[in-house]
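# Summary of the model geometry
Here is what each chain is made of, one letter per residue.
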Amino acid sequence: MLAGAGLEPDAEIAFIETRQARITAEKAAINAVLAGCRPEYMPVIVAALEALADPAYGYHGPATSTGGAAVFMLVDGPVARDLEIQLGR
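Residues numbered from 1 in each chain as written. Predicted model: local features only at pLDDT ≥ 70, side-chain atom pairs only at ≥ 80, totals over all residues. Heavy atoms only, no water.

## Notes on the environment of Ala-53
Selection rule: Only DSSP runs of H or I reaching four residues or more are called helices, and only runs of E reaching two or more are called strands; each is numbered from the N terminus. Whether two residues touch is decided by their heavy atoms; if any such pair falls within 4.5 Å, the residues are in contact.
Along the polypeptide, Ala-53 turns up in helix H2 (residues 42–53). Spatially, the C-alpha atom of Ala-53 lies 10.0 Å from that of Arg-19, the residues being 34 residues apart in sequence. The residues contacting Ala-53, other than those within four sequence positions of it, are Ala-14, Phe-15 and Ile-16.

Here it is, written out as structure tokens:
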């Protein structure tokens, strides 16, 4: 899984400031495997985590909401076709 993104296990993918959470490639890869992801998905997972940790996104709101907030991400376009994701159109 880590080879799919060319990452070392201890490489930091993102740091979520408001949660003081360091997301390493190893932890992302473990969760990706448990979710049934293929190694070629790893670059998309890394991009999603980087976006989630971007302060402009404001992850603190959904992370601390008591109103049932959830994060939704959609993979579309050429990368989705290359990875054969969302072929039900």
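## A word on H2
An α-helical turn contains 3.6 residues, so a residue and the one three or four places further along point in the same direction. What counts, and what does not: Helix span, expected: 1.5 Å multiplied by one less than the number of residues in the helix. Only protein chains enter the accessibility calculation, which uses a 1.4 Å probe; a residue is then buried when its area is under 20% of its type maximum, exposed when over 50%, and partly exposed in between. Each C-beta atom gives one direction from the helix axis, and the arc is the one those directions make.
Helix length check: H2 (12 residues) gives 17 Å between terminal C-alpha atoms against 16 Å at 1.5 Å per residue, within 8%. Where H2 is concerned, the buried positions are Met-42, Ile-45, Val-46, Leu-49, Leu-52 and Ala-53. Taken down its axis, H2 places every buried residue within 125° of arc, on the same side. Contact partners of the buried residues in H2: strand S1 (12–16), strand S2 (21–24) and helix H1 (25–34).

## Considerations on the pairing of S1
The condition is simple: Pairing between strands is defined by DSSP: at least two bridges between them are needed.
Here S1 runs beside S2; their pairing, made up of 4 bridges, is antiparallel. The partner of Glu-12 across the bridge, within S2, is Thr-24. Turn length for the S1-S2 hairpin, with the two strands adjacent in sequence and antiparallel, is 4 residues, and the turn residue Gln-20 shows positive phi of about 50°.

## Concerning a nonpolar patch on the surface
Cut-off, in case you're wondering: What makes a patch is a set of residues exposed beyond 30% relative accessible area and free of salt bridges, joined within 9 Å when like-charged and within 5 Å when nonpolar (Val, Leu, Ile, Met, Phe, Trp, Tyr). Methods summary: accessible areas were calculated by the Shrake-Rupley approach with a probe of 1.4 Å, and residue burial reflects only the protein chains presented. Whenever Lys or Arg places a side-chain nitrogen within 4 Å of a carboxyl oxygen from Asp or Glu, that contact is recorded as a salt bridge.
A grouping of Tyr-57, Val-71 and Met-73 is seen on the molecular surface, where their side chains present a nonpolar patch of about 260 Å² in accessible area. By the secondary structure assignment, Met-73 is in the loop between helix H3 (60–64) and helix H4 (78–82). A relative accessible area of 42% means that Met-73 is categorised as partly exposed.

## Description of the nonpolar core
Under the convention used in this document: By convention a nonpolar core is built from buried Ala, Val, Leu, Ile, Met, Phe, Trp, Tyr and Cys residues, the set being connected through side-chain atoms within 4.5 Å.
Core analysis: the biggest nonpolar cluster contains 17 residues, and Ile-13, Met-42, Ile-45 and Leu-49 have the highest contact counts within it. Among the elements of the structure, S1, H1 and H2 are those that each provide at least two residues to this core. With 6 residues, H2 is the largest single contributor of residues to this core. Beyond its immediate chain neighbours, meaning those up to four positions away, Met-42 contacts Met-1, Leu-2, Gly-4, Ala-5, Ala-25, Ala-28 and Ala-29.

Fair warning: the whole summary comes from geometry, so function is off the table for now.
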